[in-house]
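# Observations on the model geometry
Spelled out from the first residue to the last, the chains are:
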Amino acid sequence: MRTYAGPVFSHFRQSLGISEERYMRSLTSSEFYLQFISNSKSKADFFLTNDKRFFLKTQNKREAHFMVKILRKYIQHFQLYPHSLLVKILGVYSIVRAQQKKQYFIIMQSVFFPDERIVKRYDIKGCKVGRWTEPEPEGSQLLQVLKDCNFEGNVICLDQQRAWMLRQMEIDTHFLEQLHVLDYSLLVGFQSLHPDEKNQNWSLADLIVRTKRSVNDAASPTASNSVSIPGTVEEENSTEKEREENGLMGTKESNPGEQVPMKKLRAQFSIISDTSEIAAQNRRLLPNYKNPLHVLDGPEQRYFVGIIDIFTVYGFKKRLEHLWKSLRFHGQEFSTVNPMYYSHRLCRWVECHTV
């Protein structure tokens, strides 16, 4: 088994408030992993840790290398926008089993955690072709993720948080557009609020706690004192042999000019020294729950939201696929389009399906 960019991911996990002890405890539990039955066309295998905190997903070599290649930009994005909706990818690994090929996989936080009361789950791409899943019969115990066409007739009621959601979608999808990525999905989970969770009258103490969590929490990659991201990503011109010998990322000592500073934001409820910076980072008052970065509370529903599957680059094969689908599905909306159109279309879907 091999770990890629280990120091970098370890630092990132720490910045998200995930201790190495908790991470290892979840991954090495004596309980069985839970296999997740996916309707994805990627043929990837999905597994949940027994406590349902972390997802394991198999990747091909190209996808694993792409993740490591963009790792510096990925972490910089969370530094700039600590409340990003992008899924938190916590590690890239490979494993070789007897008489089998090397298998790459990633570990990421589950967007749907904790999932005990989630009643509906959707995987949204903003298009219609191939975006229908036949619902399981009533009473089925399978956890099913539905798609765009299944969502028709539903709406996401965010009330005051709608403006934040629209802005964050623009920020995150623009970042993916710059990476020339498409085919990512917006996960949305529905959970009904209990009566005592609706229209809560927060005490001053609660508001102070929530404000501190939002501005300077351990779950934010800007929480640590000014430190730099260890490790450097391999340049594109490195040879295939070097990649195999050194892993997908080399770890060399960084010089000061290459370091990426993490700004320390002081949490003060009465005085926040630079509110303009907080506004520019599109922060919000985080809920006092587990997994707060992926939780949005509306008047009646709690929503679990996150952007996943950020590994598909709009390269030569995808351009050919776009041409073929343009002929086959003329006048219809399908997933394989250029990254700019893809990002704008998904943002438009969110705008049209939220109130």
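A few points on the structure. Sequence order as written defines residue numbering, which begins from 1 separately in each chain. Per-residue local features are limited, in this predicted model, to residues with pLDDT of at least 70; the limit for side-chain atom pairs, both in listing and counting, is 80 or more; totals at the level of whole chains, interfaces and linings are taken over all residues. Side-chain measures were taken over the full set of non-hydrogen atoms in the model, leaving aside hydrogen atoms and water.

### Overview of the pairing of strand S11 (residues 301-308)
This is how the line gets drawn: Accessible area is worked out with a 1.4 Å probe on protein chains only. A residue is then buried under 20% of its type maximum, exposed over 50%, and partly exposed in between. Helix and strand assignments follow DSSP, with helices taken as H or I runs no shorter than four residues and strands as E runs no shorter than two, numbered in order from the N terminus. In this scheme, strands are said to pair when DSSP sees at least two bridges between them.
Of all eight residues that make up S11, seven are buried, and the element is covered over most of its length. In terms of strand pairing, strand S9 (residues 185-192) meets S11 through eight bridges, oriented antiparallel. Within S11, the position partnered with Leu187 by the bridge is Gly306. Here three bridges tie strand S10 (residues 295-297) to S11, and the two strands are oriented antiparallel to one another. Each residue of the ladder has a partner; that of Leu296, found in S11, is Tyr303. Between the end of S10 and the start of S11, which pair antiparallel, lie three residues.

### Side note on the pattern of salt bridges
To keep things clear, this is the line we draw: When a carboxyl oxygen of Asp or Glu is within 4 Å of a side-chain nitrogen of Lys or Arg, the pair counts as a salt bridge.
Considering all chains together, one arrives at 16 salt bridges under this definition. Residue Glu21 pairs with Arg25 through a salt bridge whose shortest N-O separation is 3.5 Å. Residue Glu21 and its partner Arg25 are both found in helix H2 (residues 20-27); the two are separated by four residues, about one turn of the helix. In terms of burial, Glu21 and Arg25 fall into one category: exposed. A cluster of three or more residues bridged by salt bridges with shared partners is formed by Asp183, Lys318, Glu321 and Lys325.

### A look at the nonpolar core
The cut-off we apply is this: Definition of nonpolar core: a set of buried residues of the types Ala, Val, Leu, Ile, Met, Phe, Trp, Tyr and Cys, connected through side-chain atoms within 4.5 Å. The contact criterion used is simple: two residues touch if any of their non-hydrogen atoms lie within 4.5 Å.
Counting residues in hydrophobic clusters, the biggest one holds 80 residues, and the most contacted among them are Tyr74, Ile89, Met165, Met169, Leu176, Leu186 and Ile307. Sorting elements by how many residues they give to this core places helix H5 (residues 162-178) first, with six residues. In contact with Tyr74, other than residues within four places in its own chain, are Phe12, Met67, Leu86, Val87, Lys88, Ile89, Phe175 and Ile310.

### A closer look at the side chain of Asn291
Selection criterion: Here a polar contact is taken to be a pair of N or O atoms separated by no more than 3.5 Å, where protein atoms must pair a possible hydrogen donor with a possible acceptor and residues adjacent in sequence count only if both atoms sit in side chains.
Within the fold, Asn291 resides in the loop between helix H8 (275-280) and S10. In this structure the side chain of Asn291 is engaged in a polar contact, spanning 3.0 Å, whose partner is the backbone oxygen of Val111. A polar contact of 3.0 Å, which involves the side chain of Asn291, links it to the backbone oxygen of Phe113. When sequence neighbours within four positions are dropped, the list of residues in contact with Asn291 reads Ser110, Val111, Phe113 and Phe304.

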